[in-house]
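# Examination of the molecular architecture
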Amino acid sequence: MEDQLWQLSNPVIGIIFVVATFALFYIVGWVSNRASKSVEDLYAAGGGVGPITNGLAMASTYMSLATFLGVTGLILNLQAPFILLWIQMILAIPLITIIYGTSLRRMGAFSPTHFVRERYGVSASIIAALFMILVSIMYALGQMIGIAVTFETLLGIPYMTGLIIGGLLIVGYVTIGGMSGATNNAAIQMVIIALMFIVPLGAIMKAMGGTGWYFPPLLYADMVPAMLEAMPTFFDYQYSSKWYFALIPAFTIGALGLPHLAMRIYTASSLKSARQAMVWFALVLGLVFSATYAMGFAGVFFTQTEGVAISQADADKLTIILNLVYNPEWVTALVIAGAISAGLSTLSGNLLAIGALISQDIVTTLKPNLTNSMKVKLGYFSIAGGGVASVLLAINPPDFLVVSILWAFGLAGVTNAPLILMGVWWKEANRFGAIAASVVAGGLYVVVSPFVFPSIVISGHGLTDGMGISGAMLAVPLSFLLLIVVSYITNRMPSLQSKLSTAEDHKLVERIHGWTDVNPTRYNSRFGAAIISIICIGVAVWAIMPWNL
């Protein structure tokens, strides 16, 4: 059974659904974006998106194809405790809205790196933009891999062919649609994703004998006794408390720095609309994330009770495999269309972030006199270039497609989140601290990942290091610490005062919080900075101690 080919026996119906899906998204993208005349229209949809559409788009952008495929694959092979990971990551949009989204929107920024440029200067913003491009490409990489795997299952074609076909279709779709098209499509895609994941899962659970099939996200409890009999260790905590604590810097703080999530806040028609969108985001995402864990549970239940072996190479296909086994092929074809929708929604956010980073945060920063027409054209070329880079990286993918995505979370938490959080809430933060934090801590995070120097790792546990969990636990607190300490010291060095814009920085911080005056004691707590520094030292020291996994 392990060598079984898991794919549609008659791919024609699947092709019909996928072609119809792509056609719909291309039409919606073209119609939505044809009125775009400026970079604000291209990247922020003119700031006029309503709360329901934006909430669905936020959830769809965050969902990713990895939710459909990669996460269930990890649950199948490793019984990874993804409920705990979801709790960390689902906090992202609410925390972005509460902690800094309102402030950056009041400032008029439409990307986090825009804030970094205004707060810390050009050099810091270009460094941050380069790291964020890497984050977005690594995030997009997982989607490209998933699209190729899905096409492979759908058509029975080689992975490479599926990658090229899917990559070209996606790059064209995103480039044509811009943020307006991506937002409207993402809202549609979220509905498709939810229906094509949860409804077929209910049919699978019913076929397995589950009585809670009518609400799959939560009501699989009656299947638990049989699962525990077949695999008594399924619900066990596999790792030490240190591993679970490390999820906070890797995924909660990491998600705060993801550019394509923050950009969704700026598309809202108002601050009130952004807050309302957050509610819709949490509701929809909670349902689908819970269903994802239930799908992983069902996959393990299937293999353990039926004695079917699914190879590691096919683990990412688990959702499709369960539908092939328990549902008619036309349902599986719909599920594949839903999976592709999940990949498209996240990829559109990634590629738009790449476009904004290259065209607005690097090129336009270095050449501010570009015409609006040139900026828009440069944006389209940048979006397409990011897609091509993601395709090229996906030629030799990691074992699990979700790994590159989760590693990107950690890099964002190291290089982007500290600059934004401290920049918004602490006046003393300056450009020297920001550059030191990004370059040193970001470089360390890359070095200790197993992708660059396989022998230089922290935990020694392949999954933990590969997902960036151990690297983030060390590098995120180091980034905060460097930002605080270097800023504090350089602010008191007379020889550097001419290179700092302290008065302007203080005015900016006051303004983005809604104040019209400048109070020297406001947002300037040395005690708070000292407490954060002590905590960061403790966490960083704990990170380099033995993990005992």
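Above this text sits the structure in question.
Summary of the structure given here. (Residues numbered from 1 in each chain as written. Predicted model: local features only at pLDDT ≥ 70, side-chain atom pairs only at ≥ 80, totals over all residues. Heavy atoms only, no water.)

## Some words on the overall build of the chain
Worth spelling out the cut-off: Segments assigned H or I by DSSP are reported as helices when at least four residues long, segments assigned E as strands when at least two residues long, and all are numbered from the N terminus. Burial here depends on accessible area, computed with a 1.4 Å probe over protein chains only, as a share of the maximum for the residue type. Under 20% is buried, over 50% is exposed, and the range in between is partly exposed. Here, two residues are considered to be in contact whenever any of their heavy atoms come within 4.5 Å of each other. For the accessible areas, the method is Shrake-Rupley and the probe is 1.4 Å, while residue cover comes only from the protein chains on display.
Of the regular secondary structure elements, the chain holds 24 helices and zero strands. Split into buried and exposed, the 549 residues of the chain put 61% on the buried side. Residue pairs at least 24 apart in sequence account for 85% of intrachain contacts in the chain once pairs closer than 6 positions are excluded. Carbon together with sulfur atoms contributes 68% to the accessible area of the chain, which is approximately 19,700 Å² in total.

## A closer look at the environment of Ile-170
Mapped onto the secondary structure, Ile-170 falls in helix H9 (residues 159-207). Residue classification places Ile-170 among the buried positions, given a relative accessible area of 0%. Here the alpha-carbon distance between Ile-170 and Ile-340, two residues 170 residues apart in the chain, equals 9.8 Å. In contact with Ile-170, other than residues within four places in its own chain, are Phe-22, Met-144, Ile-147, Leu-344 and Leu-347.

## Topic: the packing of aromatic side chains
So the rule is basically this: Aromatic pairs are defined between Phe, Tyr and Trp rings, using the six-membered ring for Trp, whenever the two ring centres lie within 6.5 Å; interplanar angles under 30 degrees are classed as stacked, those over 60 as edge-to-face, and all others as tilted. Placement of a positive charge over a ring is assigned whenever Lys NZ or Arg CZ falls within 6 Å of the ring centre and within 35 degrees of the normal to the ring plane.
If you walk through the whole model with that rule in mind, you get 15 aromatic pairs. Measuring from ring centre to ring centre gives 6.3 Å for Phe-297 and Phe-301, while their planes differ by 20 degrees; the resulting arrangement is stacked. Residue Phe-297 and its partner Phe-301 are located together in helix H14 (residues 271-306), separated by four residues, close to a single helical turn. Summarising the burial analysis for this pair, Phe-297 and Phe-301 share the class buried. Taken together, Tyr-220, Phe-234, Phe-235, Tyr-293, Phe-297 and Phe-301 form an aromatic cluster joined through their ring pairs. Taking the ring centre of Trp-213 as reference, the NZ or CZ of Lys-206 above it sits at 4.6 Å. Geometry around Tyr-488 places Arg-492 over its ring, the cationic atom sitting 3.6 Å from the centre.

## With respect to the pattern of salt bridges
Heads up, the condition is: Salt bridge criterion: a side-chain nitrogen from Lys or Arg within 4 Å of a carboxyl oxygen from Asp or Glu.
Under the criterion given, the structure shown has five salt bridges. For Asp-505, the salt bridge is made with Arg-119, and the minimal N-O distance between the two is 3.7 Å. With Asp-505 in helix H23 (residues 502-512) and Arg-119 in helix H7 (residues 112-120), this pair connects stretches of sequence that are 386 residues apart. With respect to class, Asp-505 is no different from Arg-119; both count as buried. A salt bridge links Arg-522 to Asp-517, with the shortest nitrogen-to-oxygen separation between them at 3.6 Å. Taking relative accessible area as the criterion, Arg-522 reaches 15% and is therefore assigned buried. What emerges from the salt-bridge pattern is a single network uniting Lys-427, Glu-510, Asp-517 and Arg-522.

## Observations regarding the side chain of Asn-430
For the record, the criterion: Pairing of N or O atoms within 3.5 Å defines a polar contact, subject to two protein rules: one partner must be a possible hydrogen donor and the other a possible acceptor, and residues neighboring in sequence count only if both atoms are side-chain atoms.
One can find Asn-430 in the loop between helix H19 (417-425) and helix H20 (431-447). Residue Asn-430 is classed as buried on the basis of its relative accessible area of 2%. Within the structure, Asn-430 has its side chain in polar contact with the side chain of Thr-490 (distance 2.8 Å). At a separation of 2.9 Å, a polar atom in the side chain of Asn-430 contacts the side chain of Asn-491. Apart from the residues lying within four places of it in its own chain, the contact partners of Asn-430 are Tyr-120, Leu-483, Ser-487, Thr-490, Asn-491 and Leu-500.

## Some thoughts on a nonpolar patch on the surface
Stated precisely, the cut-off is as follows: The patches described consist of residues with a relative accessible area above 30% and no salt bridge, like charges being joined within 9 Å and nonpolar side chains (Val, Leu, Ile, Met, Phe, Trp, Tyr) within 5 Å.
Together, Ile-52, Trp-213, Tyr-214, Phe-215, Leu-218, Leu-219, Trp-280, Leu-283 and Leu-287 line one region of the surface with nonpolar side chains, adding up to about 860 Å² of accessible area. Take the nonpolar patch: its biggest share by element is three residues, from H14. Within the element layout of this structure, Trp-213 appears in the loop between H9 and helix H10 (224-230). Assessed through its relative accessible area of 35%, Trp-213 is described here as partly exposed.

## Section: helix H4 (residues 70-78)
With seven of nine residues buried, H4 lies mostly within the body of the structure. Buried residues of H4: Gly-70, Val-71, Thr-72, Gly-73, Leu-74, Ile-75 and Leu-76, and no others. In the segment just after H4, Gln-79 is the residue with positive phi, at about 50 degrees.

## Topic: the packing of H19 against helix H22 (residues 469-490)
As a reminder of what qualifies: Axes, fitted as lines to C-alpha atoms, cover a helix only where it is in contact. Angles between the N-to-C directions of the axes lie from 0 to 180 degrees. These descriptions rest on fixed angle ranges, namely under 35 degrees for roughly parallel, over 145 for roughly antiparallel, 65 to 115 for roughly perpendicular, and the rest for oblique. Two helices crossing with the near one rotated counterclockwise from the far one by less than a right angle form a left-handed crossing, whereas a clockwise rotation gives a right-handed crossing.
The interhelical angle for the contact between H19 and H22, taken along N-to-C directions, is 45 degrees, at an axis separation of 9 Å. With respect to each other, H19 and H22 are oriented oblique. For the crossing formed where H19 meets H22, the hand is right-handed. Between H19 and H22, the contacting residues are Pro-418, Leu-419, Leu-421 and Met-422 on the first element and Ser-479, Phe-480, Leu-483 and Ile-484 on the second.

## Concerning the side chain of Lys-242
Short version of the rule: We score Asp and Glu as negative and Lys and Arg as positive, and we do not count His or the chain ends.
As for its placement among the helices and strands, Lys-242 is situated in helix H11 (residues 241-245). One buried charged residue, Lys-242, remains without a salt bridge, the closest side chain of opposite sign being Asp-465 at 10.0 Å. Apart from the residues within four sequence positions on either side, Lys-242 is in contact with Met-473, Trp-542, Ala-543, Met-545, Pro-546 and Trp-547.

## Observations regarding unusual backbone geometry
If you check the backbone angles, Tyr-523 has positive phi at about 55 degrees while not being a glycine. Inspection of the secondary structure assignment puts Tyr-523 in the loop between H23 and helix H24 (526-544).

## What about the environment of Phe-432?
Tracing the chain through its elements places Phe-432 in helix H20. Along the chain, Phe-432 and Lys-499 lie 67 residues apart, while their C-alpha atoms are 9.6 Å from each other.

## Regarding the environment of Phe-302
Relative to the helices and strands, Phe-302 is located in helix H14. Judged by relative accessible area, which is 4%, Phe-302 ranks as buried. In the structure, Phe-302 is positioned 75 residues away from Met-227 in sequence and 9.3 Å away in space, judged by C-alpha atoms. Beyond its immediate stretch of four places on either side in the chain, Phe-302 contacts Met-208, Gly-307, Val-308, Ile-310, Leu-322, Val-325 and Tyr-326.

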